[in-house]
Amino acid sequence: GAGVSQTPSNKVTEKGKYVELRCDPISGHTALYWYRQSLGQGPEFLIYFQGTGAADDSGLPNDRFFAVRPEGSVSTLKIQRTERGDSAVYLCASSPTLVAGELFFGEGSRLTVL
Amino acid sequence: AQTVTQSQPEMSVQEAETVTLSCTYDTSESDYYLFWYKQPPSRQMILVIRQEAYKQQNATENRFSVNFQKAAKSFSLKISDSQLGDAAMYFCAYRSPTTSGTYKYIFGTGTRLKVLA
């Protein structure tokens, strides 16, 4: 596609529910990043992939958060047993390669946990 | 651990004037990358300018330029001839060198820029 696509744009869920957020990167981009942005804050690193493998998942806050990229393209961020503190905008970005040095961002998925 | 600090939560500038946004960072590395990203209300982050630490020359992109002071670990963004479309959140970001074993980007807390007509 022309840019990084994230779905859903907005998601409202109840505490304790399971949520999946999808990211479709720019075609051919091998690196894919997930960030979380709380209101009034800068993006907080969660995880990045090189191809299918998670190269650095040190930013995942706990084991309720998990991300996959099974075919090296689309990625899904999965959040189990959601908590109100998970409410944020989840940003996805891709890059042609890890070395390229520029991230191309999607518009984010706003998650609200009631 | 590397950190990025933006000490100006909000700045205002008159249209056509010049404004400088500040950023400092902390790292023990000598070769790394620095970026300024713009985030308009649409939420999509857009790269404004980038700087490789090994380059002494300050990067410039049209009306946007940086003042990179490596010893002081300072990386400020200057916007000349400010336009209404420049109004947005601006984030400074740091990326580790390729030898560090990780390619994660660390962002500051942002500066909201208002442009006054």
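Provided above is the structure to which this section pertains.
Remember, predicted model here, so these are calculated numbers, not experimental data. What you see as residue numbers is a count from 1 along each chain, following the sequence as written. Chains carry letters from A onward and ligands carry numbers from 1 onward, assigned in written order. The predicted origin of the model limits local features to residues at a pLDDT of at least 70 and limits the giving and counting of side-chain atom pairs to 80 or more, whereas totals for whole chains, interfaces and linings rest on all residues. Here the side-chain values reflect all heavy atoms present in the structure, with hydrogen atoms and water set aside.

**A look at the nonpolar core**
(1) Moving on: Buried residues of nine kinds, namely Ala, Val, Leu, Ile, Met, Phe, Trp, Tyr and Cys, make up a nonpolar core once their side-chain atoms join them within 4.5 Å. Here the term buried applies to any residue with accessible area under 20% of the maximum for its type, exposed to any over 50%, and partly exposed to those in between, with areas from a 1.4 Å probe on protein chains only. Grouped together as the largest cluster of nonpolar side chains are 26 residues, with contacts concentrated most on Tyr25, Trp36, Phe75, Leu77 and Tyr90 of chain B.
(2) Moving on: Strands are runs of DSSP state E lasting at least 2 residues, helices are runs of H or I lasting at least 4, and numbering of each runs from the N terminus. Contributing elements (two or more residues each) for this core: strand E3 (19-21), strand E5 (33-39), strand E6 (46-52), strand E8 (64-69), strand E9 (74-79), strand E10 (88-95) and strand E12 (111-116) of chain B.
(3) Moving on: At four residues, E10 of chain B tops the list of elements feeding residues into this core.
(4) Moving on: The contact rule is simple, with two residues in contact once any of their heavy atoms fall within 4.5 Å. Not counting residues up to four positions away in its chain, the partners in contact with tyrosine 25 of chain B are Thr3, Val4, Tyr32, Leu34, Phe68, Gln69, Lys70, Lys73, Ser74, Phe75 and Tyr94 of chain B.
(5) Moving on: Grouped together as the second largest cluster of nonpolar side chains are 21 residues, Tyr35 and Phe45 of chain A together with Phe35 and Met45 of chain B included.

**Considering the packing of aromatic side chains**
Residues and elements named next belong to chain B.
(1) Moving on: Each aromatic pair joins two rings of Phe, Tyr and Trp (for Trp, the six-membered one) with centres within 6.5 Å, and gets the label stacked for planes under 30 degrees apart, edge-to-face for over 60, and tilted for any other angle. Using the criterion set out here, one finds 17 aromatic pairs over all chains in the structure.
(2) Moving on: Measuring from centroid to centroid gives 5.3 Å for tyrosine 32 and tyrosine 94, while their planes differ by 35 degrees, and the two rings are tilted. Taken together, the positions of tyrosine 32 in the loop between strand E4 (24-26) and E5 and tyrosine 94 in strand E10 put the pair 62 residues apart, joining distant regions of the chain.
(3) Moving on: Assessed through its relative accessible area of 1%, tyrosine 32 is described here as buried.
(4) Moving on: By relative accessible area, which is 1% here, tyrosine 94 ends up buried.

**Remarks on the sheet that holds strand E8 (residues 75-79) of chain A**
All names here are of chain A.
(1) Moving on: Within the open sheet, the four strands sit side by side as E1-E3-E8-E7. Their pairing is antiparallel. Each edge of the open sheet is held by one strand with a lone partner, namely strand E1 (5-7) and strand E7 (65-68). Strand-to-strand, the axes of this sheet are offset by a mean angle of 15 degrees, without reference to chain direction.
(2) Moving on: Two strands are said to pair when DSSP picks up at least two bridges between them. Where E1 meets strand E3 (residues 19-24), three bridges bridge the pair, whose relative direction is antiparallel. What sits directly across from serine 5, in E3, is aspartate 24. To get an axis, fit a line to the C-alpha atoms, keeping to the stretch in contact for a helix; angles then go from 0 to 180 degrees between the N-to-C directions.

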